[in-house]
Amino acid sequence: MTTATIPEVSPRVGPVEGLRQSLTLAWRTVVQVRHNPWEMSDFSIQPIMFVLLFTYVFGGAIAGSTSDYLTFMLPGMVVMNMLFVTLYVGQGLNTDLTKGVFDRLRSLPVARWAPLAGRIAADQVKQAWSIVLVLGVGMLLGFRLGTSVAGLLGAVVLLLVFALAFSWVAVLVGVVAKDPERVQIFGFTALFPLTFVSNVFVPAETMPGWLPAFVNVNPISILADACRGLMLGEPTYTGAVAAPVIQSLVWAGAILAVFAPLSVWALKRRV
Amino acid sequence: MEHAIWAEGLVKRFGQTTALDGVDLAVRPGTVLGLLGPNGAGKTTAVRVLATLLQPDAGRATVRGYDVVRQAHQVRQLVGLTGQYASVDEALTGAENLVLIGRLLGMPRKRAKQRAHELLAQFNLGDAADRAVKTYSGGMRRRLDLAASLVGRPPLLFLDEPTTGLDPRARSELWELIRNLVADGVTVLLTTQYLDEADALADEIVVIDEGRVIATGTPEELKAKTGGQSLAVRPAESSDLPTVVSVVGELAGVGPDVTGDLVTVPVSDPHLLPAVMRRLDEAGVVVTELTLSSSSLDEVFLTLTGHPAESQDESEGSPA
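These numbers were taken from a predicted model, which means no experiment stands behind them.

## Side note on the sheet that holds strand E9 (residues 204-209) of chain B
Residue and element names in this part refer to chain B. Here we have six strands laid out as an open sheet, ordered E6-E7-E8-E3-E9-E10, and mixed in their pairing. Each edge of the sheet is formed by a strand with only one pairing partner; in this case those strands are strand E6 (79-82) and strand E10 (212-217). In this sheet, neighbouring strand axes are inclined to one another by 15° on average, regardless of whether the strands run parallel or antiparallel. Bridge analysis of E9 against E10 gives five bridges, and the strand direction is antiparallel. Within E10, the position partnered with Ile208 by the bridge is Val213. Packing of helix H1 (residues 43-50) onto the sheet brings it into contact with strand E3 (32-36), strand E7 (156-160), strand E8 (187-192) and E9, and relative to E8 it is tilted by some 150°.

## Looking at the interface of chain B and chain A
With 34 residues of chain B at the interface, the matching set in chain A holds 30 residues. Breaking the side of chain B that touches chain A down by element, the ones donating at least two residues are helix H2 (72-78) and helix H3 (94-104) of chain B. Residues belonging to the side of chain B that touches chain A are distributed by class as follows: 20 nonpolar, seven polar and seven charged.

## Overview of the nonpolar core
The biggest cluster of nonpolar side chains holds 95 residues, and the ones touching the most others in it are Val78, Val79, Leu159 and Cys227 of chain A together with Leu98 and Ala147 of chain B. No other element matches the 18 residues that helix H3 (residues 66-99) of chain A contributes to this core. With sequence-adjacent residues up to four places away left out, Leu159 of chain A is seen in contact with Val78, Val79, Met82, Ile131 and Cys227 of chain A. Residues Val47, Leu78, Leu159 and Leu174 of chain B belong to the second largest nonpolar core, which totals 50 residues.

## Points about the UniProt feature "transmembrane region" (unreviewed entry) in chain A
Residue and element names in this part refer to chain A. In the numbering used here, UniProt assigns the feature "transmembrane region" (unreviewed entry) to residues 43-63, 69-89, 128-146, 152-176, 183-202 and 245-267. Taken end to end, residues 128-146 is 74% helix and 0% strand, and its first and last C-alpha atoms sit 21 Å apart. When the span residues 183-202 is considered, its composition is 70% helix and 0% strand, and the gap between its end C-alpha atoms is 28 Å.

## Some points on the confidence of the model for chain B
This prediction gives chain B a mean pLDDT of 87; 90% of its residues lie at or above 70. For the stretch residues 311-320 of chain B, pLDDT sits under 50, and the model shows 23 contacts to residues farther than four places along the chain or on other chains.

## Quick word on helix H9 (residues 241-252) of chain B
All names here are of chain B. Compared with the 16 Å implied by 1.5 Å per residue over twelve residues, the 16 Å span of H9 between its first and last C-alpha is a close match. For H9, the set of buried residues is Val244, Val247, Val248, Leu251 and Ala252. In an axial view of H9, the angular spread of the buried residues amounts to 115°, which keeps them on one side of the axis. Opposite the packed face of H9, turned more than 90 degrees from it, sit the exposed residues Pro242 and Glu250. In this fold, the buried residues of H9 make contact with strand E11 (229-235), strand E13 (262-267) and helix H10 (272-282). Once H9 finishes, Gly253 follows within two positions and takes phi at roughly 80°, a positive value.

Analysis parameters
- Residues numbered from 1 in each chain as written.
- Chains lettered and ligands numbered in written order.
- Predicted model: local features only at pLDDT ≥ 70, side-chain atom pairs only at ≥ 80, totals over all residues.
- Pairing = 2+ DSSP bridges.
- Helix = DSSP H or I, 4+ residues; strand = E, 2+ residues; numbered from the N terminus.
- Axes fitted to C-alpha atoms, helices over the stretch in contact; angles between N-to-C directions.
- Contact = placed C-beta atoms within 7 Å.
- Nonpolar A, V, L, I, M, F, W, Y, C, P; charged D, E, K, R; others polar.
- Core = buried A, V, L, I, M, F, W, Y, C linked by C-beta atoms within 7 Å.
- Buried ≥ 20, exposed ≤ 12 C-beta atoms within 10 Å, placed from the backbone.
- UniProt positions renumbered as here; feature names shortened; annotations may be inferred.
- pLDDT = per-residue confidence, 0-100.
- Expected span 1.5 Å × (residues − 1).
- Arc of directions from axis to C-beta.

Next up, the structure:
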């Protein structure tokens, strides 16, 4: 083998090249799942259990009937589960950082943004799976669409757009955390109260004092409302659909605007 | 002549720590430069700067004439990097890791696969090609790391402590692979804590300590400079210690190191041993130990720096 031939050196990476490199790196994450299918069950069993527990244990007490509760809760459950799955972006990134894979990638002549973009893109596959899974389980238990397939697809797209923005929160956690386990601990500690102090499981009106005020501005409530509107339609869902959809997109934009630069800054400091 | 790697006055600080304190380097094309130093000397930081992973706070460095800061993308196309931090993905198989890198370097799928299998065969990993890397032994892992940095056939190779933690057999296997690459004309920058490794592989050695270059030369020159051997004397009576120190120090021309009752000093002249014996005998000092042995890196450091090579577990560079 002749290694010493002087290769042609190009001055920069084009955006098309960068996109191709990101997709190659996304492929890597999908291969990881293929090698370790247990990782999929990590984020598959728990949501199924949650849907079952909430529907059959709490449903009757909260809504008077398990099927009414399922209709109310399922869109929110999809939101909650998708957010938890998004934490895997941070865990994967943290593993790459601590194991040195990230430095290997940075030493290659690839676009500077490709390693991060590849990681986020790959996890959209996991997020989509989490949405389909919870919806599928819900439909098996009797959840019925009140709108059309278009409404459902709209909800899925909205969820994935929101997940894309929320991925940057996970990136920040992944960069700041010392090891992958801590990403999970930190993520859960922050996400559990946020998802429970929302209208995912119970309507805000039932809560005391200042809590409803917080619940109503909580982006998780807003996104859950948007999904209810898109999946159930206005007869079942009491609010207007357009407002929560637009507010969700505004929240996604705000999260992106704050956390993307913050994450990139933290990453530059760490490497 | 144009240097393959060239650096002048490189400075890198991490908070209060100065990892590089004005490092100059020059490596001719097709040669091996051994960067030798103890833990925390700044070796890894130097490699990371030259591989464009870190930006220097001051100074300039070029690889094949390309500036490592302003023309980082060009440098990355010329350099293959192997180190404890520049690693492969443990969840993927050996073949998948190499294909991934080939694809990232812009190879079509078929060529990336072909190149991966070529390298796996060459590095004696053919049987393990389809096993997850986390099942590999330490030696296999390092060979794959090395293969991963060669996918794009880079004309330069940076190896950061390539054999640290390997058993002697895996170590000599890796040395052989590195020698083959050099025979193909690859320029190698190698960091190591081991004098014998630098001796076995390097055309030229740069010794660094506390971020500064403290000696440069061929292995032969360095050994001549540092003695290459070590004399140890232990008096039977502790009260004779000052006499031993003064006799040994006078004859060796360097201040000896005293640990407990043991007096050690680096020496270059083998005739010193009988001279020391004669003088101690004349002084009536009885010794229980008198040995001449090959210098360890510690002794080389003692000679070059005047202080022992500290082997504390202080990690180098950034916590990445």
